Amino acid sequence: MSDFSYPTADTGEIAMVIQKWGCPITEDDLRPPKGLKPEVVQMIYACAITKLTGLTIMELEDSAERSLTVIDEWQLIAPSARLHVLLYHATRVAEGAGIEDFSMMDLVSPTFGRTQKILSAIINFGKFSEECSPFIEGLQQQYTKASEERDELQQQILDLRQKLETHKAKLKADEPICAQLSVENQGLTAKLRNLYEEQNAVFQEAESLRMERDNLVMRRVGIQDEISVALDTNARTKARIVQSPERVKRIIATMADNVIEERRNMTANEAKARALKLKLDTLAVFEQDVQFNIRHLAALASEQESLDASVAKLAKAQADLEKQLVIRNELHLQQERAERRKANAEEKLEREQNYADDQRAKSQETIAKLKKEFEEMSLERRDNDQAVEETKREAAQIERKMAEHLRQNEEEMTKLLAEYWRLSHQTEVYMETLANKLGLDLEGVV
């Protein structure tokens, strides 16, 4: 039978499982002499095929009839073709269950022990398939998901390639602008450096001028204080002493000269203050220009950062593209393997078709032979029918003779029973008469 090890189920368990599979049978249908009819066994195998392969008996019969439509008078061999199709699929199921020697005899002339072993193996295989169905469904779902992911990756590769081409075109179009902005950036950087140095020099000069102005203001305040003190002192001195007019004139002339000198110094300081104010205004304008240049440089730096970010994105996109190219190469390899498998499958299909054509030719020859045998069988059947009719007549005659013989036996049995009872009664009467004459008590003896 097979090298597989499986428990042999009893008829009750087999009937229960087959009923669950949708086949209306009972336990008696699997036990001889009432059970094990070929049509019931064929129905059980058809139900097992439906359960394990999903092919219904209608589909099997339709496929068998479609394959015979090219033959004239195919209705004559349709039952045999349907039986062969059932045998083919039942053999597949049996081989899956580990039964290697399943044959037509298991369908047309089943035996109890062999049928029990085959059904036990098929039921064991069905339970194993049910246990493995979640794993198989998971594998199918993973295969479907992998196929969808492969399609998505291919679409992503196309999108990334288009984006890369767009980035390359944009980068190539931005190269002159980037070069121009780089030259302008370098010029503005050098100009800003020079302006920064000039600004430091002007700031230092302005700081020194500011310190000098503060010193002059403090000096003027000190001089004014000294003049005030001198005037007060002069007034007090004039009030105490009487000076000569010449000396007073000299003092006044000296003080007038000092005042003129102070006014000249103040005028010069005011001129310097106005010059410093002009320089400060110029520095404010220059500072505004520097701030504008700083903002422009910040904008350029932002553009440079954007450009660097774009370059980084481009590098990342190139890396992703390389990864996608690797994945695409792997997918191409898988596709090539699938194409090779497809070619092998097509070659195998072609061989199978050639084999099917050969088998079809052989089947046609077999059909012709079967037609001839069928005709011979028809002739033999007519002869057999005549022999059967004659046998039936002989059987009827024998039955009539048996009935007559039974009737005669019954009549003889009735006569014998009547004679037996008559003799028994006479024996009892004779015993009683003899007992009475001999004076014996038969009731006490009894």
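What you see is a predicted model, and the numbers here were worked out from it, not measured in a lab. Counting starts from 1 at the beginning of each chain's written sequence and moves along it residue by residue. The model is predicted, so local features are restricted to residues of pLDDT at least 70 and side-chain atom pairs to those at 80 or more, both for listing and for counting; the totals for chains, interfaces and linings are taken over all residues. Excluding hydrogens and water, the side-chain values take into account all heavy atoms of the structure.

Asks: Would you mind going over the overall build of the chain in detail, with residue names and values included?
Replies: A count of helical and extended segments in the chain gives eight helices and zero strands. Helix and strand labels come from DSSP, where a helix needs a run of H or I of at least four residues and a strand needs a run of E of at least two; each type is numbered from the N terminus. Moving toward the C terminus, one meets the helices and strands of the chain in the order α-α-α-α-α-α-α-α. In what follows, residue pairs with any heavy atoms lying within 4.5 Å of each other are defined as contacts. Summarising the internal contacts of the chain: among those between residues at least 6 apart in sequence, 68% fall at separations of at least 24. Accessible surface for the chain amounts to roughly 33,500 Å². Of this, 56% is attributable to carbon and sulfur atoms. Only the protein chains shown count as covering a residue, and every accessible area follows the Shrake-Rupley method with a 1.4 Å probe.

Asks: Requested: an account of empty space enclosed by the protein, with residues and values cited.
Replies: Of the two site types, the cavity is a set of points on a 1 Å grid over the protein atoms alone where a 1.4 Å probe fits but cannot get out, and the pocket is an open set with protein on both sides within 12 Å along at least five of seven lines, each lined by residues with an atom within 4 Å of a point. Grid points are joined across faces, edges and corners, and a volume is the space filled by probe spheres set on the points. Considering all chains together, one arrives at two cavities of 30 Å³ or more under this definition. Contributing to the lining of the largest cavity are A206, L209, R210, R213, L276 and L280. Only α6 (112-240) and α7 (245-438) provide two or more residues apiece to the lining of the largest cavity. Side-chain classes are defined by residue name, with Ala, Val, Leu, Ile, Met, Phe, Trp, Tyr, Cys and Pro counting as nonpolar, Asp, Glu, Lys and Arg as charged, and the others, Gly among them, as polar. Residue composition of the lining of the largest cavity, grouped by class: four nonpolar, no polar and two charged.

Asks: An account of the confidence of the model for the chain is requested, with residue identities and associated values reported.
Replies: pLDDT measures how confident the predictor is about each residue, on a scale from 0 to 100. The predicted model of the chain averages 77 in pLDDT, with 87% of residues at 70 or higher. Least confident of the elements in the chain is helix α8 (residues 442-445), whose mean pLDDT is 48; most confident is helix α2 (residues 38-53), at 86.

Asks: Kindly report on helix α4 (residues 78-96), identifying the contributing residues and their values.
Replies: In an α-helix there are 3.6 residues to a turn, and that puts residues three or four apart on one side. Helix span, as expected, comes to 1.5 Å for every residue beyond the first. For α4, built from 19 residues, the straight-helix expectation of 27 Å at 1.5 Å per residue is met to within 8% by its first-to-last C-alpha distance of 27 Å. Burial classes: relative accessible area under 20% of the type maximum marks a residue as buried, over 50% as exposed, and values in between as partly exposed (1.4 Å probe, protein chains only). Those residues of α4 not exposed but buried are A78, A81, L83, V85, L86, L87, H89, A90, T91, V93 and A94. Note on α4: the residue one or two positions beyond its end, G98, has a positive phi of about 100°.

Asks: Run through the layout of surface pockets, naming residues and quoting values.
Replies: Within this model, the second largest pocket holds a volume of roughly 480 Å³. What lines the second largest pocket is a set of 18 residues, and nearest its centre among them are D174, C178, S306, L307 and S310. Listed by contribution, the elements that provide at least two residues to the lining of the second largest pocket are α6 and α7.

Asks: Give me a negative patch on the surface: which residues, what numbers.
Replies: Put simply, a patch holds well-exposed residues, over 30% relative accessible area, that have no salt bridge, with like charges counted together within 9 Å and Val, Leu, Ile, Met, Phe, Trp or Tyr side chains within 5 Å. Salt bridges are defined by distance alone: a side-chain nitrogen of Lys or Arg within 4 Å of a carboxyl oxygen of Asp or Glu. The charge count includes Lys and Arg as positive and Asp and Glu as negative, but it does not include His or the ends of the chains. Note that the charge is assigned to NZ on lysines, CZ on arginines, CG on aspartates and CD on glutamates. Taken together, E373, E375, E376, E380, D383, D385 and E389 make up a surface patch of like negative charges. Inspection of the secondary structure assignment puts D383 in helix α7. Among the residues examined, D383 registers a relative accessible area of 48% and is labelled partly exposed.

Asks: Summarise the side chain of T115; cite the residues concerned and give the values.
Replies: Here T115 lies in helix α6. Overall, T115 belongs to the buried group, its relative accessible area being 5%.

Asks: Lay out the packing of aromatic side chains with the relevant residues and their values.
Replies: Two rings from Phe, Tyr or Trp (for Trp, the six-membered ring) form a pair when their centres are within 6.5 Å of each other. A pair whose planes differ by under 30 degrees is stacked, one over 60 is edge-to-face, and the rest are tilted. Evaluation of the coordinates by the stated rule reveals one aromatic pair. Residues Y45 and F102 carry aromatic rings whose centres are separated by 5.2 Å and whose planes lie at 90° to one another, so their mutual orientation is edge-to-face. Remark: F102 occurs in the loop between α4 and α5 (105-108) and Y45 occurs in helix α2; sequence separation between them is 57 residues.

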